[in-house]
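# Geometric and topological summary
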Amino acid sequence: MLENHAKLMQFFSSSEAIVGRKRLQKMIYILKKCEVPFEERYQFHFYGPYSEELTLRIEEMCNLGFISETKEEKKNYYQYRYQVTDAGREFMEHYEESLPPLNAHIDAMNEKSSRFLELVSTMLFFEHLPKDEISEKVFSVKSTQNYTDEDIKDGWNFIESLRKFH
Amino acid sequence: MAYRDEQLSEEKVFKDPVHRYIHVRDQVIWDLIGTPEFQRLRRIRQLGTCYLTFHGAEHSRFNHSLGVYEIVRRIASNFTDRPNWDPKERLLCLAAALLHDLGHGPFSHSFEKVFKLDHEDFTQAILLGDTKVNEVLNKVDKNFAKDVADVINKTYKNKLVVSLISSQIDADRMDYLQRDAYFTGVSYGHFDMERILRVMRPMEDQVVVKESGMHAVEDYIMSRYQMYWQVYFHPVTRSAEVILSKILHRAKELYEKDYTFKLEPTHFLSFFKGEPTLSEYLGLDESIALYYFQMWMQEDDEILSDLCDRFVNRRLFKYIEFNPNSQMAEWMELYKLFQKAGLNPDYYLVVDSSSDLPYDFYRPGEEGERLPIHLLLPNQELKELSRLSEIVESISGKKRTDHKLYVPQDVLDNMSSRSKTKKRIMEILYG
C-alpha cells in the first residue's frame, strides 16, 4: 500500500527542504533517468518534463499530513516549500527504504538553478537521440531560454557526475 | 496537385451527437481515418471501465478522436488571417488532432500500470513505424510523420500548434468533457464551446482567450471540476479498475509461475514477458481482452476465475473511506485477518488513491511549472486566469484527494457469523 508515496517520502527525507514545484518536478525526473525507480509518469510540457501523477501524489501527501507545503509570495509568482513532518516520519517507519541513498544527488541538484535543471531534464528527455540532435532539439524547444553550447556541455558533465554516485 | 493539398470532390460529414457534424474535406484526413490503426480505436472505449457505472459510457476513442479533429478544424478556420497563425500548419494540426490517441490500448489505464507500458510510446511507434498511418503521412512529405509525432509528443518547435492539442484549454479536453457528459448522461460537463472558440487568439507560443470570454472559460473550468468528481473519480468505476488491474496481475503472476492455462493466453504472452512488439500491441483490443476474461472464468485458479467473474458479471468490490495516516495500524491488522480468513490480501484488500487516476484539475501552478490559461487584456497584456476570476481562484486553490479501501463485501458477509476473524474485520471496517 502507498509504496510510491513511500518512495517520494524517502526523497523528501533526504533533504532539509525542497523549494519550488518546478525544481521538484525536474529533480524527480532526473533521478528517474539516473535509474532511481520512481514510478511517476512524465510527459513533455511547455517547461520540460512534467508529471501530473507526481503533482497529485504530492497533494495527497500534503493532505495526509506527511509533508508540509508553505506558499511563499515572490515578485510575480508564488513559490512552494516542502518539508517532512512528524506524521511523515512515522509513516516511513512502516516501510523499508526501497531506494538507494539520494543525499548526494539531491545536494548536487539543490546547488543548481531551476533553469539549469530544466535544461538537464530536457536533455535527458531526448537522450534516445544522437548527441548533436539532442542539442538541436533543446535549442528548438527551448528557444526562449537562450541556452548556449556551454550550458549543454555543463549539462552533460552534470549528468555524468550524477550517474557516478551509484 | 500535391497530396497535401488534395481535396475530396465532395465534403464528407460524420453525424456526431456532440458537434452535430464532423466535416472532412482533406484527402489526407480521409485516408488516415480509413487506416486499420485508426479504425482499431473503435474497439477501445474512451472511458475504460466507466460503462460499469454509467451504462451509456460505451463510446470509443474513435468518436473522441474525430471530435478533437473537428474542434481543431474549427479553431484553424477561425485563426485564418490572424497574426501568429501560419496557415501552412493547418494540415499538421488536423492530423495531430486526429491521431493524438492512436497508441491507446485496451483499458489503457490498468494495462499500462500493470505491464509498465506507456501509450504515448506506442503512438510514436505507430506514427513512425511500419504502419498504414505512416504510409499516408509519408505521402505528404518526408518530414510530415515526424512533425505529427513531435506535435503529439509536445516537442514540436511551434508551441502554438502544440497548445491546440495539449494545454489546459485544448481541443482534447473540450471534446472529452462534452462527449463523456453526453454518453454518461450526467448534467455536468456542458459549457459554451462556441463562445470559447470565438474568443481564442493565437499568440507566438500559446493559445490565449480574450478577457471578454472569461465567463465562458469559468464555465469550462467548473465543468471540468464537476466531471472529475462525479464521473472520472466515481468510486464504483474505481472498483472496476481495481478488479481489472488485479486480474492482469494475477494472470501475469500465474504465467510467471508456469501455470498451465486451459486456454493459452496467446494475445497476452508478450505483455506478460514485458516486451510487446507494435503488431502484438495492436493485436490486443478490448473485445479480445474481454474474451479472455470470459474464458478465464473457467480457470482452475480460484483467484483468477473469481476476479474475472466479478468483472464480467459486475460483482464489484465495496469501498469504505480510508485514511492511510490515522488508520495504518488498522490496515496492518486487516492484512493479517484477511490472510487468516483465507483471502489473499494482495488481491482482496486494496487501497486506491486518487493519484492512481489519470485525470487532472486546472492548476495555475508556480511559475515555470506548467503553462496556465492566459487571458488577453485589452492592453495586450496576459494575465493568468485565476488572478482575474474569483470562481476559478476559489476552486483551483483547493486540494481534494482521497483514498478508498476496496473489499469483497459478499465474501465477508458469507463468512460464519461465529467467526471471530469476521467479527474483528467488520469492527475495523465499519466500527
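Reading guide: rules and limits
- Residues numbered from 1 in each chain as written.
- Chains lettered and ligands numbered in written order.
- Predicted model: local features only at pLDDT ≥ 70, side-chain atom pairs only at ≥ 80, totals over all residues.
- Heavy atoms only, no water.
- Helix = DSSP H or I, 4+ residues; strand = E, 2+ residues; numbered from the N terminus.
- Rg over C-alpha atoms; globule rule 2.2 N^0.38 Å.
- Buried < 20%, exposed > 50% of the residue type's maximum accessible area, 1.4 Å probe, protein only.
- Areas by Shrake-Rupley, 256 points an atom, 1.4 Å probe, with all protein chains shown as cover.
- Lys, Arg positive; Asp, Glu negative; His and termini not counted.
- Charge placed at Lys NZ, Arg CZ, Asp CG, Glu CD.
- 1 Å grid on protein atoms, 1.4 Å probe; cavity = no way out; pocket = protein on both sides within 12 Å on 5 of 7 lines; lining within 4 Å.
- Points joined across faces, edges and corners; volume = space filled by probe spheres on them.
- Nonpolar A, V, L, I, M, F, W, Y, C, P; charged D, E, K, R; others polar.
- Domains from an automatic or database assignment.
- Contact = heavy atoms within 4.5 Å.
- Buried area = accessible area lost by both parts, 1.4 Å probe.
- Salt bridge = Lys/Arg side-chain N within 4 Å of Asp/Glu carboxyl O.
- Polar contact = N/O pair within 3.5 Å; in protein donor to acceptor, adjacent residues only side chain to side chain.
- Pairing = 2+ DSSP bridges.

## Brief notes about the overall build of chain B
- The secondary structure content of chain B amounts to 23 helices and nine strands.
- For a compact globule of 431 residues, the expected C-alpha radius of gyration is about 22 Å, and chain B comes in at 24 Å, within 12% of that figure.
- Taken along the three principal axes of its C-alpha coordinates, chain B extends 80 × 50 × 35 Å.
- Counting the 431 residues in chain B, one finds 60% classified as buried.
- Working note: accessible area of chain B is about 18,200 Å², and carbon and sulfur atoms make up 47% of it.
- Looking at charge distribution, chain B has the averaged site of its 57 positive side-chain charges lying 3 Å from that of its 67 negative ones.

## A short note on empty space enclosed by the protein
All names here are of chain B.
- Tallied over the full model, the rule gives four cavities of 30 Å³ or more.
- Considered as a void within the structure, the second largest cavity measures approximately 70 Å³ in volume.
- In terms of lining residues, the second largest cavity is bounded by Ser163, Ser167, Gln168, Ile169, Gln206, Val207, Leu371, Pro372 and Ile373.
- Here the residues of the lining of the second largest cavity sort into five nonpolar, four polar and no charged.

## So, the domain arrangement of chain B
All names here are of chain B.
- Its domain assignment divides chain B into domain 1 (3–232) and domain 2 (234–315).
- Placing a centre on the C-alpha atoms of domain 1 and another on those of domain 2 gives a separation of 30 Å.
- In this assembly, 31 residues from domain 1 lie in contact with 26 residues from domain 2.
- Together domain 1 and domain 2 conceal approximately 2,700 Å² of surface at their shared face, both sides included; 68% is due to carbon and sulfur atoms.
- Of all residues in domain 1, Leu52, Val114 and Phe115 give up the largest surface area on contact with domain 2, accounting jointly for 23% of the area buried on that side.
- Counting across the interface, domain 1 meets domain 2 through two salt bridges.
- Aspartate 285 serves as the salt-bridge partner of arginine 43, at 2.5 Å between the closest nitrogen and oxygen.
- Inspection of the region where domain 1 meets domain 2 yields eleven residue pairs in polar contact (both at pLDDT 80 or more).

## As for the interface of chain A and chain B
- Contacts between the two partners involve 39 residues from chain A and, on the opposite side, 43 residues from chain B.
- Sorting the residues of chain A by area buried against chain B places Met1(A), Arg41(A) and Phe46(A) first, and these three jointly supply 18% of that buried surface.
- Joining chain A to chain B, the criterion identifies five salt bridges.
- Residue Lys116(B) is joined to Glu39(A) by a salt bridge in which the shortest nitrogen-to-oxygen separation is 3.4 Å.
- The tally of links from chain A across to chain B stands at 13 residue pairs in polar contact (both at pLDDT 80 or more).
- For the side of chain A that touches chain B, the elements supplying multiple residues, two or more each, are helix H2 (21–33), strand S2 (43–45), helix H3 (52–63), strand S5 (78–84), helix H4 (86–92) and helix H7 (131–141) of chain A.
- At eight residues, the largest contribution of residues to the side of chain A that touches chain B is made by H3(A).
- Taken together, the residues that form the side of chain A that touches chain B break down as 18 nonpolar, ten polar and eleven charged.

## Description of helix H5 (residues 108–115) of chain B
Residues and elements named next belong to chain B.
- Burial within H5 is extensive, with six of its eight residues counted as buried.
- Buried residues in H5 make contact with helix H3 (61–79), helix H6 (119–128), helix H13 (235–256), helix H14 (269–273) and helix H16 (286–296).
- Lysine 116 sits one or two positions beyond H5 and adopts a positive phi of about 50°.

## Section: unusual backbone geometry
- Phi is positive for Glu35(A), which is not a glycine, with a value near 70°.
- Counting through the fold element by element, Glu35(A) comes out in the loop between H2 and S2.
- Assessed through its relative accessible area of 69%, Glu35(A) is described here as exposed.
- Of note in this structure, Arg314(B) is not a glycine but carries a positive phi near 55°.
- Tracing the chain through its elements places Arg314(B) in the loop between helix H17 (302–312) and strand S5 (318–321).

## Points about the pairing of strand S2 (residues 20–26) of chain B
Residues and elements named next belong to chain B.
- Pairing analysis gives six bridges linking strand S1 (residues 7–16) to S2, with the strands arranged antiparallel. Note on S2: the bridge partner recorded for lysine 15 is tyrosine 21.
- Hairpin connection from S1 to S2: three residues lie between these consecutive antiparallel strands.

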